[in-house]
Amino acid sequence: MGLAILLGVFAVSVVLGVPVAFAMGISAAAAFWYEGFPLLMTFQRTISGVTTFSLLAIPFFVFAGELMLHGGIAVRLVKFASSLVGHIRGGLASVNIFSSMLFGGISGSAIADISALGSLLIPVMKEKGYRPDYAVNVTVTSSIAGIVIPPSHNMIIFVVAAGGGISISKLFLAGVIPGILMCLCLAIAAYFVALKHNYGSEPFPGWQVVAQTAITAIPGLITAVIIVGGVLSGIFTVTESGAFGAIYALVLTAVAYRTLGWNEFVVSVTSALRTTAMVMILIGFASSFAYLLALYQVPTKLSEFLLGISENKIAILLMINLMLLMLGMIMDMAALILICTPIFLPIARDLGMDPVQFGIMMLVNLGLGLCTPPVGTCLFVGCAVGKIKIEEALKSIWPFYLALFVALMLITYVPAFSMYLPSLFE
């Protein structure tokens, strides 16, 4: 009955439009009350959930990404990507995907990726004769590379949800190849769609121009090198790397490039504060919710249920993926990481899957959920930037969904994609 109250109150709250974070807090308080625990315990569990030291890295990661977004870094990355891959058939789609791979590795945010690159590339693609839905679909699906390619604050949320014991540096390394794999799969899908609609390509400007645009783009890319390299080398902790990355991004955009004015700085600070506040509230209430899930032995019961259906590892992992995909369609990514990690990670461990590989699989899976209705944040933002209806985008987005699903299956069943780079640094 306690579990029914917990899940029932949560479901009703979400349906009524209560923000997911507060829905978890309300349902946890209701379950604690039913079990006879003091209601103060809800707030104690909430506060304990945000007292993890590694969470201090999140505001720095988010702030660095906002500075890059509003400081003109995206323009330089697009010019570099255009000179390098623009000559491929449907060239601007390849530019879009390659730019997302680069910018995502700096900002760590899919929404920032769409806002920056979509505003630049979608209008240009329309002018060049690309269909608006094609431009939006490429932008939306490629944006989730920023979730997987480090640094990503979602990786820190996963480590916290897993209860610690997972190396953030290993998780950073594990995300590189899967992120590139996702972009390659999307590029192949975009190429074949471009062939179908007879889209053209941009003229190759020559290697001298490629070198010149690379030189202007490299300083922005160094932000990711500072954050990830500092953690891997052991020079900085994750929090210190995030802080130095934010300082570097501020100096680069405000002093070196002179593209970050006072107004852009204020917007960056405000956006970073808003995002950090939302994430911290979510993590706090999710801590109470996860405590009750463990109390009611949900992971154990779900594991027994899945094993009752099949003992085949391939089948169980497929069922986990399908469950995550369905949940990703109706809930926010950060909330699902916090709720589902304590449930599915023990099952994955029992199947012999490394927690690092499971983390990457989950991030890719839930990233796909950001592109799907009815709660696909990236899809909504992309359609708003591209000024088209969601229904119009959904009619032609299936090749890109298929490409991401293929990448997800490869990441799920071929551990080397996630574990090769971490194994080199052991």
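Conventions used here
Residues numbered from 1 in each chain as written. Predicted model: local features only at pLDDT ≥ 70, side-chain atom pairs only at ≥ 80, totals over all residues. Heavy atoms only, no water. UniProt positions renumbered as here; feature names shortened; annotations may be inferred. Helix = DSSP H or I, 4+ residues; strand = E, 2+ residues; numbered from the N terminus. Rg over C-alpha atoms; globule rule 2.2 N^0.38 Å. Buried < 20%, exposed > 50% of the residue type's maximum accessible area, 1.4 Å probe, protein only. Contact = heavy atoms within 4.5 Å. Areas by Shrake-Rupley, 256 points an atom, 1.4 Å probe, with all protein chains shown as cover. Lys, Arg positive; Asp, Glu negative; His and termini not counted. Charge placed at Lys NZ, Arg CZ, Asp CG, Glu CD. Expected span 1.5 Å × (residues − 1). Disulfide = S-S within 2.5 Å. Salt bridge = Lys/Arg side-chain N within 4 Å of Asp/Glu carboxyl O. pLDDT = per-residue confidence, 0-100. Axes fitted to C-alpha atoms, helices over the stretch in contact; angles between N-to-C directions. Left-handed = near helix turned anticlockwise from the far one by under 90°. Nonpolar A, V, L, I, M, F, W, Y, C, P; charged D, E, K, R; others polar. Parallel < 35°, antiparallel > 145°, perpendicular 65-115°, else oblique.

- Identification of the protein chain as TRAP transporter large permease protein from Roseibium porphyridii is taken from an unreviewed UniProt entry.
- Quoted verbatim from the Function (unreviewed entry) heading of the UniProt record, the comment on the protein chain is "Part of the tripartite ATP-independent periplasmic (TRAP) transport system."
- Under the UniProt heading Sequence similarities (unreviewed entry), the entry covering the protein chain gives this text: "Belongs to the TRAP transporter large permease family."

Things to note about the overall build of the protein chain
Item 1. Within the protein chain one finds 23 helices and zero strands.
Item 2. Relative to its length of 426 residues, the protein chain is compact, with a C-alpha radius of gyration of 21 Å against a globular reference of 22 Å.
Item 3. Its C-alpha atoms give the protein chain principal-axis dimensions of about 70 × 45 × 45 Å.
Item 4. In the protein chain, which comprises 426 residues, the proportion classed as buried is 55%.
Item 5. Sequence-distant contacts, at least 24 apart, represent 78% of the contacts inside the protein chain between residues at least 6 apart.
Item 6. When the accessible surface of the protein chain is summed, it comes to about 17,500 Å², and 70% of that surface belongs to carbon and sulfur atoms.
Item 7. In the protein chain, which carries 17 positive and 16 negative side-chain charges, the distance between the mean positions of the two groups comes to 9 Å.

Focus: helix 15 (residues 262-295)
Item 1. An ideal rise of 1.5 Å per residue puts 50 Å on 34 residues; helix 15 measures up with 50 Å between its terminal C-alpha atoms.
Item 2. Gln 297, located one to two residues past helix 15, shows a positive phi value of around 55°.

Section: the state of the cysteines
Item 1. A complete count under the given rule lists zero disulfides for this structure.
Item 2. No disulfide involves Cys 371; its sulfur sits 5.2 Å from that of Cys 378, the nearest cysteine.
Item 3. With a relative accessible area of 0%, Cys 371 lands in the buried category.

What about the pattern of salt bridges?
Item 1. Scanning the entire structure with this criterion turns up two salt bridges.
Item 2. With its nearest N and O atoms 3.9 Å apart, the salt bridge here joins Glu 202 to Lys 128. Here Lys 128 lies in the loop between helix 7 (110-127) and helix 8 (132-142) and Glu 202 lies in the loop between helix 12 (176-197) and helix 13 (207-233), a separation of 74 residues in the sequence.
Item 3. Here Arg 131 makes a salt bridge to Asp 133, at a shortest N to O gap of 2.9 Å.

As for the environment of Phe 63
Item 1. Inspection of the secondary structure assignment puts Phe 63 in helix 4 (residues 57-70).
Item 2. Residues Phe 63 and Met 331, 268 residues apart in the sequence, show an inter-C-alpha distance of 25 Å.
Item 3. Residues contacting Phe 63, with those up to four places away along its chain left out, are Ala 246, Phe 265, Ser 268, Val 269 and Ala 272.

Here's the deal with the confidence of the model for the protein chain
Item 1. When pLDDT is averaged along the protein chain, the result is 87, and 99% of the positions lie at 70 or above.
Item 2. The weakest mean pLDDT in the protein chain belongs to helix 16 (residues 298-309) at 80; the strongest belongs to helix 22 (residues 398-413) at 96.

A few points about the packing of helix 7 against helix 20 (residues 377-386)
Item 1. Between helix 7 and helix 20, whose axes approach to 9 Å, the crossing angle comes to 35°. Where helix 7 crosses over helix 20, the two elements pack in a sense that is right-handed. Facing helix 7, whose interface residues are Ala 110, Ile 111, Ile 114, Ser 115, Gly 118, Ser 119, Ile 122 and Lys 126, helix 20 presents Thr 377, Cys 378, Val 381, Gly 382, Val 385 and Gly 386.
Item 2. Of the residues assigned to the contact of helix 7 with helix 20, the class counts are seven nonpolar, six polar and one charged.

What about the environment of Trp 33?
Item 1. Within the element layout of this structure, Trp 33 appears in helix 2 (residues 20-35).
Item 2. For Trp 33, a relative accessible area of 62% translates into the label exposed.
Item 3. It is 47 Å that separates the C-alpha atoms of Trp 33 and Lys 387, two residues lying 354 residues apart in sequence.

Looking at the packing of helix 5 (residues 73-85) against helix 13
Item 1. Close contact between helix 5 and helix 13 brings their axes to 8 Å; oriented N to C, the two are set at 150°. Taken together, the axis directions place helix 5 and helix 13 in an arrangement best described as roughly antiparallel. Here helix 5 and helix 13 pass one another in a crossing that is left-handed. Contacts from Ile 73, Arg 76, Leu 77, Lys 79, Phe 80, Ser 83 and Leu 84 of helix 5 reach helix 13 at Trp 207, Val 209, Val 210, Thr 213, Ala 214, Thr 216, Ala 217, Gly 220 and Leu 221.

Let's talk about unusual backbone geometry
Item 1. Here Pro 150 and Pro 151 are connected by a cis peptide whose omega angle stands at 0°.
Item 2. The residue Pro 151 is located in the loop between helix 9 (145-148) and helix 10 (153-161) in this model.
Item 3. Phi angles above zero are rare outside glycine, and Arg 258 is one such case at about 55°.
Item 4. Along the chain, the position of Arg 258 falls in the loop between helix 14 (238-256) and helix 15.
Item 5. Among the residues examined, Arg 258 registers a relative accessible area of 69% and is labelled exposed.
Item 6. One non-glycine residue, Lys 387, lies in the positive phi region at around 55°.
Item 7. Position of Lys 387 among the secondary structure elements: in the loop between helix 20 and helix 21 (390-394).

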